[in-house]
Amino acid sequence: MSSTTAVRTARRRTLRLAAAALTAAAALTLTACSGSDAAGAKSAGRTDSGAAAAESGGAGPSAEAQGSGAKASPGAKASPDAKAKAETEAGAAGKQSSGAQANGAGKAASPFRTQRLADGISKAEISKLGEQHYRAKIVARGSVLATLETKKADAGLDANDMFITLTLDGQVHSWMGGGHQGPGTFKLAGGWTAKVTKVGELRYRAQIIGHDGVAATLETNQQDTGVNANGVYIVLSAGGVISAHE
């Protein structure tokens, strides 16, 4: 082989090696690029997935925190369970408050004194409602038979021939019998005279007359009435019966 031929053969081998090197380098570059893209895709996928999970997870834990009573972030809306719980607690507080007021009213109206009456069976449960304002419930064998109440005046009752008065200072006086059926003029205990007249259906008027003339006037309006006349207790019933007792 001549020297020229040897040189050409060496050049061809060199070119082939160079070409092979270039091909290998290109293959490595493509592989590296593909790997980078895949890694980028995977990374992007993980990032997007993580963001989605973060967004989804952000609502979930917050809702659970609200439902469990944990403090919510500012501006966050309370869950329906939290609202229902708050309303229930508010309602319970209102009921407790209402219950406390009702109990207070019951104590204020409870009897402060009980007195046995003239028939030996009945009793009066006397409560003070205000200044010169008293109420007496007439109770027998556990049942309330009648109620007397002073409203700027004494009160009286004819309870089947047992007469009862309740005065402005809360005193109860009772006695049996001694009634006079009006209309008419009758002598009463204590030196009083009663002139009873009928003025309407279940309406009678009694003028209580003393040495100095008419000292008081009783009038029924479908309801019994009474008075304390200087220590003499007088009852006029809606049926026109009048009775007095010292």
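Residues numbered from 1 in each chain as written. Predicted model: local features only at pLDDT ≥ 70, side-chain atom pairs only at ≥ 80, totals over all residues. Heavy atoms only, no water.

1. Re the overall build of the protein
Phase 1 of the analysis: Within the protein, the regular secondary structure consists of two helices and 15 strands.
Phase 2 of the analysis: Taking all 246 residues of the protein together, the buried fraction comes to 24%.
Phase 3 of the analysis: In the protein, 31% of the contacts between residues at least 6 apart in sequence involve partners at least 24 apart.
Phase 4 of the analysis: Of the roughly 15,800 Å² of accessible surface on the protein, 53% is carried by carbon and sulfur atoms. (Helix = DSSP H or I, 4+ residues; strand = E, 2+ residues; numbered from the N terminus. Buried < 20%, exposed > 50% of the residue type's maximum accessible area, 1.4 Å probe, protein only. Contact = heavy atoms within 4.5 Å. Areas by Shrake-Rupley, 256 points an atom, 1.4 Å probe, with all protein chains shown as cover.)

2. As for the side chain of His-173
Phase 1 of the analysis: Checked against the element boundaries, His-173 lands in strand β7 (residues 172-176).
Phase 2 of the analysis: For His-173, a relative accessible area of 19% translates into the label buried.
Phase 3 of the analysis: Reaching out from His-173, the side chain makes a polar contact with the side chain of His-245 at a distance of 3.0 Å.
Phase 4 of the analysis: Apart from the residues lying within four places of it in its own chain, the contact partners of His-173 are Phe-163, Ile-164, Thr-165, Tyr-233, His-245 and Glu-246. (Polar contact = N/O pair within 3.5 Å; in protein donor to acceptor, adjacent residues only side chain to side chain.)

3. A look at the sheet that holds strand β4 (residues 143-149)
Phase 1 of the analysis: An order of β1-β2-β3-β4 is seen for the four strands of this open sheet, with the pairing classed as antiparallel. In the strand order of this sheet, the two ends are held by β1 (113-116) and β4, each with one partner. Recorded for the sheet is a direction-independent mean angle of 25 degrees between the axes of neighbouring strands.
Phase 2 of the analysis: Sheet topology places β1 next to strand β2 (residues 123-130); four bridges connect them, and they run antiparallel. (Pairing = 2+ DSSP bridges. Axes fitted to C-alpha atoms, helices over the stretch in contact; angles between N-to-C directions.)

4. Side note on the packing of aromatic side chains
Phase 1 of the analysis: Counted under the stated rule, the structure contains two aromatic pairs.
Phase 2 of the analysis: Aromatic pair Phe-112 and Tyr-134: ring centres 6.3 Å apart, planes at 50 degrees, arrangement tilted. Placement of the pair is Phe-112 in the loop between α2 (80-108) and β1 and Tyr-134 in strand β3 (residues 133-140), with a sequence separation of 22 residues.
Phase 3 of the analysis: A relative accessible area of 47% places Phe-112 in the partly exposed class.
Phase 4 of the analysis: With relative accessibility at 10%, the residue Tyr-134 sits in the buried group.
Phase 5 of the analysis: Taken together, a centroid distance of 5.9 Å and an interplanar angle of 20 degrees make the contact between Phe-163 and Trp-175 stacked. Here Phe-163, found in strand β6 (residues 162-166), pairs with Trp-175, found in strand β7; they are 12 residues apart in sequence, far enough to count as distant. (Phe/Tyr/Trp six-rings, centres within 6.5 Å; stacked < 30°, edge-to-face > 60°.)

5. Examining the confidence of the model for the protein
Phase 1 of the analysis: Model confidence for the protein is summarised by a mean pLDDT of 72, while 55% of its residues fall at 70 or above.
Phase 2 of the analysis: This model gives residues 17-80 a pLDDT under 50, and the stretch forms 10 contacts once residues within four places in sequence are excluded.
Phase 3 of the analysis: Every residue in residues 92-108 is under pLDDT 50, and counting partners more than four places away or in other chains gives one contact. (pLDDT = per-residue confidence, 0-100.)

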